[in-house]
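# Structural description and commentary
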Amino acid sequence: MHDLYDDFAKVYDECGVDDYSLSFGKGMLKYLDLIHPDESFKKNLDICCGTGTLCGFFKDNGIKTKGVDISNEMIKVAQSKYPDIEFVTCDVSKYSDDETYDFITCSDDALQHITNIDDIKKTIKNVNKLLRPNGLFILDLNNFNLISFEKSNKSLDETRRLVYQLHRENELVCYNVKYYENDELLWENNVFELDISVDELTQMLNDEGFILESCSQHFFFEKQIKKWKLVYKKTDD
Ligand SMILES: C[S@@+](CC[C@H](N)C(=O)[O-])C[C@H]1O[C@@H](n2cnc3c(N)ncnc32)[C@H](O)[C@@H]1O
């Protein structure tokens, strides 16, 4: 499948999009230290890992990590940045392995890229199987009420730029992204996100035996207010 991220992979880190996952990671480690000081969180699976920046951050902080993403091109970038980390190309709604993880992450509204509710439910089931008892699923959701739908430009340098425009299509939000070099349009692609609420997602996770442990806009002391930052705990079953 060829999608936005196969094109976007070439410029994703250059745009600074992955910086967000670093602030997410920093906040998360503070949270784990403060809220779960006596528990071990040394093994991570990052689903929808993109170019692997969050995995790299975990590795630098002594956490064993593995990344899964559906886009082969994003995974190629991740592998070239972090040859020591295992990255797998796979749709997370179909993903399984024989390991169990202390915590599973999904950053930068990545779960909302799964636009089919049945596939989100399958993904939650997979996360449940892959987590150890009392393990955590830590993710974020875009709060589309706070996100601008105005057209925006992002210059990469003097000759290259991206233009973003969002619009709604029923319960989906479409990101149209155009990439220009010297004002020539080289590619254009759309990616869709599901405008799912925290309550709807929490209900699906409750149905699989998770409880919502934390929901915040100011993620663990970081100034990022346009996304809900969510921590779900797998309950003993
Ligand atoms: C906004 S990017 C986030 C990447 C990374 N988590 C970050 O924080 O930079 C969304 C990612 O989700 C991936 N993705 C979308 N649908 C997926 C699926 N069904 N299975 C695995 N990855 C998926 C895309 O390929 C893309 O890399």
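Residues numbered from 1 in each chain as written. Predicted model: local features only at pLDDT ≥ 70, side-chain atom pairs only at ≥ 80, totals over all residues. Heavy atoms only, no water.

### Describing the domain arrangement of the protein chain
Under the convention used in this document: Throughout, the edges of the domains are those of an automatic or database domain assignment. The contact criterion used is simple: two residues touch if any of their non-hydrogen atoms lie within 4.5 Å. Using a 1.4 Å probe, buried area is obtained as the accessible area two parts lose upon being combined, added over both of them. Definition of a polar contact: a pair of N or O atoms within 3.5 Å, with one able to donate and the other able to accept a hydrogen when the atoms are protein atoms, and with sequence-neighbouring residues admitted only if both atoms are side-chain atoms. Starting at the N terminus, helices and strands are each numbered in turn, a helix being any DSSP run of H or I of at least four residues and a strand any DSSP run of E of at least two. The nonpolar class holds Ala, Val, Leu, Ile, Met, Phe, Trp, Tyr, Cys and Pro. Asp, Glu, Lys and Arg form the charged class, and all remaining residues, Gly among them, are polar.
Taken domain by domain, the protein chain holds domain 1 (4-142 + 197-234) and domain 2 (152-191). Each of domain 1 and domain 2 was reduced to a C-alpha centroid, and the two centroids are 25 Å apart. At the interface, 10 residues of domain 1 touch 13 residues of domain 2. At the boundary of domain 1 with domain 2, total buried surface from both sides reaches about 1000 Å², with 65% on carbon and sulfur atoms. Among the residues domain 1 hides against domain 2, the three largest losses belong to Leu 4, Asp 7 and Cys 15. Together they make up 47% of the total. For the pair domain 1 and domain 2, the interface holds 3 residue pairs in polar contact (both at pLDDT 80 or more). The element best represented in the side of domain 1 that touches domain 2 is helix H1 (residues 4-8), accounting for 4 residues. Tallied by class, residues from the side of domain 1 that touches domain 2 come to 5 nonpolar, 3 polar and 2 charged.

### Some thoughts on the pattern of salt bridges
What counts is decided by this rule: The working definition used for a salt bridge is a side-chain nitrogen of Lys or Arg within 4 Å of a carboxyl oxygen of Asp or Glu. Categorising residues by exposure relies on relative accessible area from a 1.4 Å probe, with only protein chains included: less than 20% of the type maximum marks a residue as buried, more than 50% marks it as exposed, and the intermediate range marks it as partly exposed.
A complete count under the given rule lists 19 salt bridges for this structure. Residue Lys 227 pairs with Asp 108 through a salt bridge whose shortest N-O separation is 2.9 Å. Placement of the pair is Lys 227 in strand S11 (residues 227-234) and Asp 108 in the loop between strand S4 (101-106) and helix H5 (117-130), with a sequence separation of 119 residues. Here Lys 227 and Asp 108 have matching classes, each one buried. The salt bridge partner of Asp 109 is Lys 227, with a shortest N-O separation of 2.4 Å. In this pair, Asp 109 sits in the loop between S4 and H5 while Lys 227 sits in strand S11, placing the two residues 118 residues apart along the sequence. Exposure remark for Asp 109: the relative accessible area of 5% places this residue in the buried category. It is possible to trace a salt-bridge network through shared partners that takes in Glu 14, Asp 157 and Arg 160.

### Some thoughts on the sheet that holds strand S9 (residues 184-194)
Just so we agree on the cut-off: Here, a strand pair is defined by DSSP locating no fewer than two bridges between the strands. An axis is simply a line fitted to the C-alpha atoms; with a helix, the fit covers only the stretch in contact. Between two such axes, the angle follows the N-to-C directions and lies from 0 to 180 degrees.
Strands sit in the order S6-S7-S8-S9 across an open sheet of 4 strands; the sheet is antiparallel. With partners counted over all chains shown, the strands left at the sheet margins are strand S6 (152-155) and S9, one partner each. The sheet shows a mean angle of 20° between the axes of neighbouring strands, direction not considered. For strand S8 (residues 172-181) and S9, the ladder comprises 10 bridges, and the chain directions are antiparallel. Note that in S9 the partner of Lys 178 across the bridge is Glu 188.

### Here's the deal with the pairing of S11
Most of S11 sits out of view: 7 of its 8 residues are buried. Of the pairings in the sheet, the one linking strand S5 (residues 131-142) to S11 comprises 7 bridges and is antiparallel in character. The residue bridging Asn 142 from the neighbouring strand is Lys 227, located in S11. Where strand S10 (residues 210-216) lies against S11, 6 bridges are found, and the strand directions are antiparallel. Counterpart to Ile 211 in the pairing with S11 is Lys 233.

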